[in-house]
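Examining the three-dimensional arrangement
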Amino acid sequence: MTERTPLLHYRLSASVTEPEEEKQQQQQQRRRPATLDERSAGAPGRSAESRPQHKLSTFFGVVVPTLLSMFSVVVFLRIGFVVGQSGLYQTFGMLLVAYFIICMTVLSVCAISTNGALDAGGAYYMISRALGPEFGGSIGIMFFFANVCGSALYVLGLVEAIISTFGVSQDVPSGQHVLPTGYWWSLLYATAILLVCLLVCLVGAHIYARATFLIFIIVIVVLCTIFISFFAVAPRSIAVPSLNSSVLSSANFTGFKLETLLGNLYADYSVDYTTGITMTFATVFAVMFNGCTGIMAGSNMSGDLKNPSYSIPRGTITAVIFTFVTYIVLSLLVACSCERLLLQRDYSFLRDINAWRPFVTIGVYSSTLSAAMSNLIGASRILYALARDDLIGRVLSPAKKTSRGGNPWVAVLISWFLVQLVLFSGKLNTIASIVTIFFLLVYAAVDLACLALEWASAPNFRPTFRYFTWHTCMLGIVGCAVMMFLINAIYASASIAFMLLLLLVIHYLSPTSSWGYITQALIFHQVRKYLLMLDVRKDHVKFWRPQVLLMVANPRSSVGLITFINDIKKSGLYVLGHVTLGDLDSLPSDPLQSRYESWLSLVDRLNIKAFVNLTLADSVRHGVQHLLFISGLGGMRPNTLVLGFYDDCDPKDLLQDPPAQSAIFPDSLAASQDVEEQLPLQFPALRSMAINGGGKVLGPGEYVAIIADAVKMLKNVVLARYFCHFDRTEALSQRGEPLYVDVWPLNLLRPDSSSYVDTCSLFLLQMACVLNMVRAWRRARLRLFLCVEEGRSLRGPEGKLGHLLRDLRITADVHTVPWDQVVALHWQRQDAAAAARARQRDDQDVAEVSDEGEDDYVNSFPSNTARLSDDYLQAVNRLILHQSCPLPAVRFLYLPRPPADTHRYLTYLHQLDLLTRDLGPTLLIHGVTPVITTDL
């Protein structure tokens, strides 16, 4: 009776082993908790010079394990199945396609392995160090599960092979068995085999490493006997099972005959006699493809190699070529000497035609047991590497424990336990499909890592293996993806979804690493390309957006303003600027480098989208000039300068008050409490208001000079007052109450002017509209206040303004405010002498402005600085306060241009102080560029 073996999708995963000597030294030198940097280097607190020398050569370290992984049991039990179903032509086509796919991945593996020093970890190490901890960790976990399932797959396959041989004997009466059969008996045999594998792994990986060469010799000898048998064995008839009855039929081993070859050239897909399922090209290709994988075995031995960068490419390519030639020759011999019926009905026919039948059985047993141990060892080493890198927090902490010899025994036990759980399923085909898909996903990830490194064009990516391009990486990714969905579309989709879920989990749980993030290199490459394409000469007012430079003296008191400006930037550039006073000539090093980390942490904690730009200057004015000149890049440069108001408002430390932190940082994670405690300590304490004139490093004259400098540089200017106590969350959280934003587009320091349609007024409207477009501020209503004289018809101004708002697509409530008494108060305070002196100053101011080439009457701010009285300004202030029912969240006011005469700077600042006193959060805005258009 012919022994039968069910159709199994055998799959071998790679072995990940680490030298025991290295582990022992690592354990002895571990005297303190290892940082992630040290763990990623492979050994805590140990220099590269103190590491032990690797022992394995190219042949023993790469060629042998890769050959064993790629041959597995497919060469013994499935080569006839593939030829019998698909024919010789399609078999050759399948082999070419399959090897083309894996060769693309081999090229990627060779490129990455020759780009620097490799440590133990194989594919996980390469992917994690190339793509970062998130992607590498998610693929590493799937690689671990693939090894676990692969170990269970081979254990079950070995059990079926044993039962097929010893379960039924022709030497005893029918119905009696040498070995009992059944589900529980099979589970018992599988558990016993897995226990043997566990004992080997607990002792150490070196036992398997020493046995590898012996297993390799056995497999090669068996292959030689198979090749010899095709020539030495005489033609014979072999009994094969029948599909429709229990009666056996016969098929012939004909020897080399042309008739036999012609009968096996074309495909003839039929029903699989073990499963009753009709075979197709896809199902046969999936089975055959399992024999072409296992290319990572040599890469996973990187920790044991003398020269990984030399051995991995040469050894892997050698093994791939050898297996390809073996499969081609064996397929040809089978097609020339075996009838199709024999190939389709007897998957173990090589044993029946062998010169000595036990040879093939020994080959099946040895290769399968070797693969089971290899997967179990690989799973434990991957789990240990994941635990050592702390990618999932404390979940895998127990797996870090090692024996005195450095063997990760806890990881071995965890892997053994999971394999034992998989054994309970007993469904080999299901396990085989999942394992194959997981490994294909790992191969695709390696191709993706190489593709990303190539596209990033980083100078340090210069592998010595140059026989690859981004095209080969892309072909490898596409090939692996196609094979995944060809094998099983549902399992492939579920695997990708599982990988993305793991990626998100690790993203939030893993600590910051120093491995380098390929995403940063890719982003840099793309941003540089698009910045070069962003031509400032093609700017158009239709696509204008605010690009803000916010000057921050101390973040402790500026949290409210920082978060508010983040709302008003409208997807534009947002830069936090800071000036440190000092002279680099008198300092040993740049003091700003150590402060960037604190500022970037502040950006993360406030959950804002901003850049940080710090500068060192001899004065604040010069520092702001530096930042206005150099901030940004290409077409992305600040067009708006935002300054806090110059007043004596007592600042409040919002980074030290815990209740304030909880309100300011609503999106922060509880896991970052340590950062929260350290963050306030990185910024200097707030100035004392009782000493040194308020403790300010910036004088009022210099402050106004900064505004004047920004206007000269054609930058819009925004002065923010009373934002030191602004709480964005509190302002937006009152759902039941209306939310208002007040806009005063008239120059209130020019009572003799009623224009509200100049460039500055339109810029004011645009900024208010931008704030109203932000999702959090959409429920706010804009209130536009129009100052008019009593007795005059309001239809003209209101109608003109309403028509303008409709053209600009701005929704606002227009309120008219009579201000005759305020204007009269201004003019009544002027006597003839004052008016004469004012006219003289007007002439002088006009002459100065003319010399500077300025011709904008409204924005030039003539001599009103001298003419305006405090009573008038206080009256305007009261007028604004009286129109604030209900109280607005923020006000937008017109900011006049600073006077040309520097002697009037203090008067100008005093007038702004009186105008905005006690108004609450207020923005004084001065625009210099057109930002609004009615064109489509």
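- An unreviewed UniProt entry lists the chain under the name Solute carrier family 12 member 9, with Scleropages formosus as the source organism.

1. Thoughts on the overall build of the chain
- If you tally the helices and strands in the chain, you get 35 helices and twelve strands.
- Counting every position in the chain, which comprises 936 residues, the buried fraction comes to 55%.
- Working note: accessible area of the chain is about 40,800 Å², and carbon and sulfur atoms make up 60% of it.

2. A closer look at the packing of helix α7 (residues 133–166) against helix α16 (residues 409–423)
- Direction vectors running N to C along α7 and α16 enclose 55°, while the axes themselves pass 9 Å from each other. Looking at the two axes, α7 sits oblique to α16. Our pair here, α7 against α16, has a crossing hand that is right-handed. Judged by residue contacts, Phe 144, Val 148, Ser 151, Ala 152, Val 155 and Leu 156 of α7 engage Ser 415, Leu 418, Val 419, Val 422 and Leu 423 from α16.
- Partitioning the contact of α7 with α16 into residue classes produces nine nonpolar, two polar and no charged.

3. Re the sheet that holds strand β8 (residues 740–744)
- A sheet is described by the order of its strands in space; here ten strands give the open sequence β5-β4-β3-β6-β7-β12-β11-β8-β9-β10, paired in mixed fashion. Only two strands of the sheet have a single neighbouring strand rather than two, namely β5 (611–617) and β10 (813–818). Strand-to-strand twist in this sheet, taken as the mean axis angle between neighbours without regard to direction, amounts to 25°.
- Judged from the four bridges that link them, strand β11 (residues 890–894) and strand β12 (residues 922–926) form a sheet pairing that is parallel. From the neighbouring strand, Tyr 894 faces β12, where its bridge partner is Ile 925.
- On top of the sheet, helix α23 (residues 620–630) reaches β3 (548–551), β4 (574–581), β5 and β6 (640–644); it is set at about 135° to β5, its chief contact.
- On top of the sheet, helix α35 (residues 905–916) reaches β7 (716–721), β11 and β12; it is set at about 55° to β7, its chief contact.

4. Describing the environment of Ser 586
- Counting through the fold element by element, Ser 586 comes out in the loop between β4 and α22 (596–606).
- Ser 586 gets classed as exposed once you look at its relative accessible area, which sits at 57%.

5. Quick notes on the packing of α7 against helix α19 (residues 489–509)
- Between α7 and α19, whose axes approach to 8 Å, the crossing angle comes to 130°. Taken as axis vectors, α7 and α19 run oblique relative to one another. You can see that α7 and α19 cross each other, and the crossing is right-handed. Facing α7, whose interface residues are Pro 133, Glu 134, Phe 135, Gly 137, Ser 138, Ile 139, Ile 141, Met 142 and Phe 145, α19 presents Ser 495, Phe 498, Met 499, Leu 502, Leu 503, Ile 506 and His 507.
- A per-class count over the contact of α7 with α19 returns eleven nonpolar, four polar and one charged.

6. Quick look at the nonpolar core
- Counting residues in hydrophobic clusters, the biggest one holds 160 residues, and the most contacted among them are Phe 76 and Phe 230.
- Of all the elements, helix α17 (residues 428–456) adds the most residues to this core, at 19 residues.
- Leave out the neighbours within four places in its chain, and Phe 230 touches Phe 253, Phe 256, Leu 330, Leu 333, Val 334, Ser 337, Leu 350 and Ile 353.

7. Quick notes on the confidence of the model for the chain
- Of the residues in the chain, 78% reach a pLDDT of 70 or more, and the chain-wide mean stands at 77.
- Contacts for the low-pLDDT stretch residues 1–54, under 50 throughout, to residues beyond four places or in other chains number 182 contacts.
- The low-confidence segment residues 169–176 (pLDDT under 50) makes two contacts with residues lying over four places distant or belonging to another chain.

8. A short note on the pattern of salt bridges
- The tally for this structure, following the rule as stated, stands at nine salt bridges.
- Between Arg 621 and Asp 709 there is a salt bridge, with the nearest N and O atoms lying 2.6 Å from each other. Placement of Arg 621 in helix α23 and of Asp 709 in helix α27 (residues 700–712) is noted, with a sequence separation of 88 residues between them.
- Here Arg 621 falls in the partly exposed class, since its relative accessible area comes to 29%.
- Salt-bridge contacts for Arg 904 lead to Asp 901; the nearest nitrogen and oxygen are separated by 3.7 Å.

What counts and what doesn't
Residues numbered from 1 in each chain as written. Predicted model: local features only at pLDDT ≥ 70, side-chain atom pairs only at ≥ 80, totals over all residues. Heavy atoms only, no water. Helix = DSSP H or I, 4+ residues; strand = E, 2+ residues; numbered from the N terminus. Buried < 20%, exposed > 50% of the residue type's maximum accessible area, 1.4 Å probe, protein only. Areas by Shrake-Rupley, 256 points an atom, 1.4 Å probe, with all protein chains shown as cover. Axes fitted to C-alpha atoms, helices over the stretch in contact; angles between N-to-C directions. Parallel < 35°, antiparallel > 145°, perpendicular 65-115°, else oblique. Left-handed = near helix turned anticlockwise from the far one by under 90°. Contact = heavy atoms within 4.5 Å. Nonpolar A, V, L, I, M, F, W, Y, C, P; charged D, E, K, R; others polar. Pairing = 2+ DSSP bridges. Core = buried A, V, L, I, M, F, W, Y, C linked by side-chain atoms within 4.5 Å. pLDDT = per-residue confidence, 0-100. Salt bridge = Lys/Arg side-chain N within 4 Å of Asp/Glu carboxyl O.

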